[in-house]
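Coordinate inspection notes
What follows is each chain in one-letter form.
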Amino acid sequence: MPTLESYEGQTPAWCPGCGNFPILNTLKEALAELEIEPHQLTVVSGIGQAAKLPHYMKCNTFNGLHGRTLPVATGIRLANHEMPVIAVAGDGDCYGEGGNHLLHAIRRNINVKLFVHDNQVYGLTKGQASPTTMEGVVTKTQPFGSLSEALNPMAMAVALDCSFVARGFAGDAEFLKGLMKEALNHKGFALLDILQPCVTFNKINTYRWYSERVYRIGDDHDPFDRIEAFKKSLEWGEKIPTGIIYRNSRPTLEERIPVIEETPLIKQLFSFKEAEKEIRGFY
Amino acid sequence: MDYTIRIGGEAGQGLQTIGGVLAKVFSRSGFHVFTHQDYMSRIRGGHNFYQIRFSDKEVMSSREKVDILIALDLYTIETHKGTLSEKGIIIYDAAFIKKVFNSPGFLNIPFEEIAVEAGGNRIMANTVATGAVLGILGMDLTILEDIIRERFRKKGEDITGKNIASARAGFDHAVKVCTMCDFTVPEPGAPPLMLINGNEATGLGALMSGCRFYAAYPMTPSTGIMIFLASKAKEYGIVIEQAEDEISAINMALGASFAGTRAMTGSSGGGFALMVEGLSLAAMTETPIVIAEVQRPGPATGLPTRTEQADLLFVLHAGHGEFARVVLAPGTPEQAFFLTNKAFDLAEKYQIPVFILSDQYLADTEWTFRGLNTGSLRNNDYRSRSEALEGVSVYKRHRLTENGISPMAVPGESGRLVVTDSDEHDEEGHMIEDAETRIKMTQKRLMKKLPLIRQEIEPPLLYGSDRPDIVIVGWGSTYGVMKEAVDVLSGDYAIAMLHFSELHPFPSTEKFDYLSILGNTKLSLCIENNATGQFSHLMRAETGYKFDARINKYDGRPFTLEGLSGELYAHIGKL
């Protein structure tokens, strides 16, 4: 049985007070409670502060390129669908650079859990606007304020019929842990957007700013109702919902590929002697 | 006997069906066949042709002179009648193209009318045409009938019977009307030969190397590899994923490779341009991958369905940073098969990216071979799976070793963690920034592996005179036409070909001192399907050798035997 210590990794190089700390701790707790051993899990990440997370815990790790977490995670799942795969990314990483991949990962419904550390700013490159930065916010590279409308990842995901859409808040760790466990137990692609204060570069969306606005979605919301889910996903501003916004039971990509119906690809033996008959097909 | 048949018409008229079936009839009859296609980037209309050269001797290039032209439209007649050989004939359906030609060499065969009479449907006109060609050549119908039975098996006996009747009617009609035909095809006696194109051979090579994962975005002319593997997916357990873009394709393949399976991706130059970032990732994470780059003329969209060898230096230098890679450039489908196997072996053994650098010409040309000797295929599993990891107390994915190769464990197969990073990393795979580790890792990935990889590279092949006055040098898909040109000129000159199919790391002269051969010639010529002579620059950079002259073709078309021979004579004349 894994304990929290089983997941002890390197010492994080994040800023003191960073919203990534509670996310990291919560993830370790969720994994320990689900009894997933470090070697049974692969975490894929890209580039950014969030992407450093797998180094700060224990797991199989593919820390790849900025924006490219989901294709790598997809490849891993298709080769070995017995391996739980978590993709960890920031808002710039997966809503900006990797936006196209997100769109298609949702369509495929590959059984990957995408945890987005959404701090509405670029941290690693020191404070530029991200796709979720609110309109009008001035930065060093947006001197006239961010001129694009902020992306609403929740509404986008519901519109795409994403099989699991949820939002958490780094300042509400207990509730976040429940969402992580729900996502990990869900069969299908899961998008968990985690509001995460950046104490250094985002002076607007602070712990206080979020705390005053977020609320936990109650039992009266039916996440299987797509129209209600879409309404819920549009809430932003004075009130920000956290919890499971939408879910469905679409079959996963892995389930739909007959080749890996029974055995993961990496466990299928290959005999090239058997393939020799293919040469005869060319006569 | 050395005949060329050209079938011309619009896209969608069934040129490939007629051409493909005829080529198969000839290869099954034991004749050597070489086919090439010239097609436009469109689904319907335009002008395309399919050309078959067949002989009782080896053939490996296209000729310009045509012996039988099957014209499915008027444009074909107007465009190609000038290429007819002395005894050549043009067969066409006057009623269909609404024009009658009375000049000698023209043979009107009412394909549609015969199809309606014999098969009850004008859709069988192409089968009539196929039968007619065999009648003109004085060949037998048995093999064609077998092929029709195989192809139409699923459509039932009725359709099969009607097609056979149509083929026979076309055959009989041609025999009756073709009084001026003068073709002599010897009795087939040799065993059937296999007929395969470059893309199929690459796909077959991948299949027989245990490739289990292929992710790609469709792009002409590379798509044939994906189509071949997809057709075998179910039987052999291959996951084929059509990615949203080439960036995703290479990253998916890297994910699958990291997870423990042999993975490949493929594209043409434009798509590979998008993969470049991922190539660098493969190098840094030491994740094995095979990449097929099937070239077409650029820049940008270029000529999508045509051929060029202009991505050599791009593939050689693609990717930020410095790292080890291998570039293999097959000259024939047979080489494509074996080099794809070598590509997988080297990629896994050294944990590096390996390229199959092909082009549209090689991808789409069909060649005949007696067979493929699978005894020499390399199929070693270089990964550490569960048992191998039992006794390992501390596993480090990027452990510093004497030869730079670290144990490559399959994640999840043991209690060991497999960690890798696109950042510079330590032995465990965690990101670092210190200078000392950086130096060690660069030495490991590059300096230690490279000499070992170089030893795996085969020298160029010498064909022709072993003490040549004239040497023509090329790489990749020009193999066939260069070899035949040497045959043409060898009656008059001491001439030889040096063909490079393994380009990077550049072959050393240890196994074969090709530089001394070049040093003793009166004329050395570098032949390339590009404008700038990329290989000649590479050769000079790697060896210091400078060719006397270059022959470059950059019209998007392959060299023909007459074209290349003519240019060679012109250069020799200047001596």
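Since this is a predicted model, take the numbers as computed values, not measurements. (Residues numbered from 1 in each chain as written. Chains lettered and ligands numbered in written order. Predicted model: local features only at pLDDT ≥ 70, side-chain atom pairs only at ≥ 80, totals over all residues.)

1. Some remarks on the overall build of chain A
Condition: Strands here are runs of E lasting at least two residues and helices are runs of H or I lasting at least four, both read from the DSSP assignment and numbered beginning at the N terminus. Based on C-alpha atoms, the radius of gyration is set beside the globule rule, defined as 2.2 Å times the residue count to the power 0.38. Any residue whose C-beta has 12 or fewer other C-beta atoms within 10 Å is treated as exposed, any with 20 or more as buried, and any in between as partly exposed, C-beta atoms being built from the backbone. A residue pair is marked as a contact if its C-beta atoms, positioned from the backbone, fall within 7 Å.
In terms of helices and strands, chain A carries 11 helices and 8 strands. Computed over C-alpha atoms, the radius of gyration of chain A comes to 20 Å, within 12% of the 19 Å expected from 2.2 N^0.38 for 283 residues, which places it in the range of a compact globule. Reported as C-alpha extents along the three principal axes, the dimensions of chain A are approximately 70 × 45 × 40 Å. Looking at chain A as a whole, 51% of its 283 residues qualify as buried. Summarising the internal contacts of chain A: among those between residues at least 6 apart in sequence, 71% fall at separations of at least 24.

2. Brief notes about the nonpolar core
We count it as follows: Buried Ala, Val, Leu, Ile, Met, Phe, Trp, Tyr and Cys residues form a nonpolar core when they are connected through C-beta atoms within 7 Å.
If you look at the biggest cluster of nonpolar residues, it comprises 231 residues, and the most contacted ones within it are Leu114(A), Leu192(A), Ile70(B), Phe213(B) and Ala253(B). Those residues in contact with Leu114(A) that sit more than four places away from it in its chain are Leu70(A), Ala87(A), Ala89(A), Cys94(A), Ala190(A), Leu191(A) and Leu192(A).

3. Focus: the sheet that holds strand 8 (residues 213-216) of chain B
Residue and element names in this part refer to chain B. In plain terms, the rule: Two strands form a pair only when DSSP identifies at least two bridges running between them. Axes, fitted as lines to C-alpha atoms, cover a helix only where it is in contact. Angles between the N-to-C directions of the axes lie from 0 to 180 degrees.
Here we have 7 strands laid out as an open sheet, ordered 9-8-10-11-13-12-21, and mixed in their pairing. At either end of the open sheet lies a strand with only one pairing partner, and these are strand 9 (239-242) and strand 21 (502-504). Each neighbouring strand pair of the sheet contributes to a mean axis angle of 20°, computed without reference to strand direction. Relative to strand 10 (residues 263-267), helix 11 (residues 246-259) is tilted by about 165°, and along the sheet it contacts strand 8, strand 9, strand 10 and strand 11 (289-295). In this fold helix 12 (residues 269-285) packs onto strand 10, strand 11 and strand 13 (353-359), with an angle of close to 160° to the strand it touches most, strand 11.

4. Quick notes on the packing of helix 6 (residues 142-151) of chain B against helix 7 (residues 157-177) of chain B
Residues and elements named next belong to chain B. We count it as follows: Each angle receives one of four descriptions, namely roughly parallel if under 35 degrees, roughly antiparallel if over 145, roughly perpendicular if within 65 to 115, and oblique otherwise. Crossings are assigned a handedness: left-handed for a near helix turned anticlockwise from the far helix by less than a right angle, right-handed for a clockwise turn.
Contact geometry for helix 6 and helix 7: axes closest at 9 Å, N-to-C directions at 155°. By the angle class used here, helix 6 and helix 7 are roughly antiparallel. The way helix 6 lies across helix 7 gives a crossing that is right-handed. Residue-level inspection shows Leu-144, Glu-145, Ile-148 and Arg-149 of helix 6 in contact with helix 7, the latter providing Thr-160, Asn-163, Ile-164 and Ala-167.

5. Focus: the sheet that holds strand 1 (residues 42-45) of chain A
Ordered by their spatial adjacency, 9 strands build an open sheet running 7(A)-8(A)-5(A)-6(A)-4(A)-3(A)-1(A)-2(A)-17(B), and the pairing between neighbours is mixed. Across the chains shown, the open sheet's two edge strands, defined by having one partner strand only, are strand 7 (214-216) of chain A together with strand 17 (419-421) of chain B. Strand after strand, the sheet turns through a mean of 20° between neighbouring axes, direction not considered. Where strand 1 of chain A and strand 3 (residues 85-90) of chain A come together, 4 bridges link them in parallel fashion. Paired with Thr42(A) across the bridge in strand 3 of chain A is Val85(A). Its contacts with the sheet put helix 6 (residues 173-185) of chain A on strand 4 (113-118), strand 5 (164-169), strand 6 (190-195), strand 7 and strand 8 (240-247) of chain A, and the angle it makes with strand 5 of chain A is roughly 160°.

6. Section: helix 17 (residues 435-456) of chain B
Residues and elements named next belong to chain B. Applicable threshold: Here a helix's expected span is defined as the number of its residues, less one, multiplied by 1.5 Å. Note that bend, as reported per residue, equals the angle between axes fitted to the 7 residues terminating at that residue and the 7 residues originating from it.
For helix 17, built from 22 residues, the straight-helix expectation of 32 Å at 1.5 Å per residue is met to within 8% by its first-to-last C-alpha distance of 31 Å. By the largest-angle criterion, Leu-450 marks the main kink of helix 17, which is about 45°, and a proline, Pro-451, follows within four residues. Among the residues making up helix 17, those that are buried are Met-441, Lys-444, Arg-445 and Lys-449. Residues of helix 17 that are buried in the fold lie against helix 12 and helix 14 (333-350).

7. Side note on the pairing of strand 5 of chain A
Residue and element names in this part refer to chain A. The test is simple: For the handedness criterion, the strands are oriented away from the viewer, and a crossover whose path from the first strand over the helix to the second runs clockwise is classed as right-handed.
With 6 of 6 residues buried, strand 5 lies mostly within the body of the structure. Alternating positions in strand 5 separate into two faces, Phe-164, Ala-166 and Gly-168 on one and Val-165, Arg-167 and Phe-169 on the other, with burial throughout. Of the pairings in the sheet, the one linking strand 5 to strand 6 comprises 5 bridges and is parallel in character. Following the sheet pairing, Gly-168 is matched in strand 6 by Ile-194. Taken together, strand 5, helix 6 and strand 6 form a β-α-β motif whose crossover is right-handed.

8. Some points on the interface of chain B and chain A
Just so we agree on the cut-off: Gly is put with the polar residues, along with every residue not named as nonpolar or charged; the nonpolar set is Ala, Val, Leu, Ile, Met, Phe, Trp, Tyr, Cys and Pro, and the charged set is Asp, Glu, Lys and Arg.
At the interface, 58 residues of chain B touch 43 residues of chain A. Contributions of two or more residues to the side of chain B that touches chain A are made by strand 7 (194-197), helix 8 (198-207), strand 8, helix 10 (233-236), strand 9, helix 11, helix 12 and strand 17 of chain B. In terms of residue count, the dominant contributor to the side of chain B that touches chain A is helix 11 of chain B (10 residues). Partitioned by chemical class, the residues of the side of chain B that touches chain A number 30 nonpolar, 17 polar and 11 charged. Of the strand pairs in this sheet, strand 2 (residues 60-63) of chain A and strand 17 of chain B are connected by 3 bridges, and their pairing is parallel. Each bridged residue has a counterpart across the sheet, and for Phe62(A) the counterpart in strand 17 of chain B is Thr420(B).

9. Considering the domain arrangement of chain B
The accessible area lost on association of the parts is a frequent measure of interface size. Rules: These domain boundaries are the output of an automatic or database domain assignment.
Domain parsing of chain B yields domain 1 (2-177), domain 2 (196-376), domain 3 (383-456) and domain 4 (461-573). Relative placement of domain 3 of chain B and domain 4 of chain B: their C-alpha centres are 41 Å apart.

10. A look at the pairing of strand 5 (residues 84-92) of chain B
Residue and element names in this part refer to chain B. Where strand 4 (residues 66-71) lies against strand 5, 5 bridges are found, and the strand directions are parallel. Bridging across to strand 5, Val-66 finds its partner in Leu-84. With respect to chirality, the unit in which strand 4 leads through helix 2 (residues 74-80) into the neighbouring parallel strand 5 is right-handed. As defined by bridge partners, strand 5 adjoins strand 6 (residues 106-108) across 3 bridges and the pair is classed as parallel. By the bridge assignment for strand 6, Tyr-92 is matched with Asn-108.

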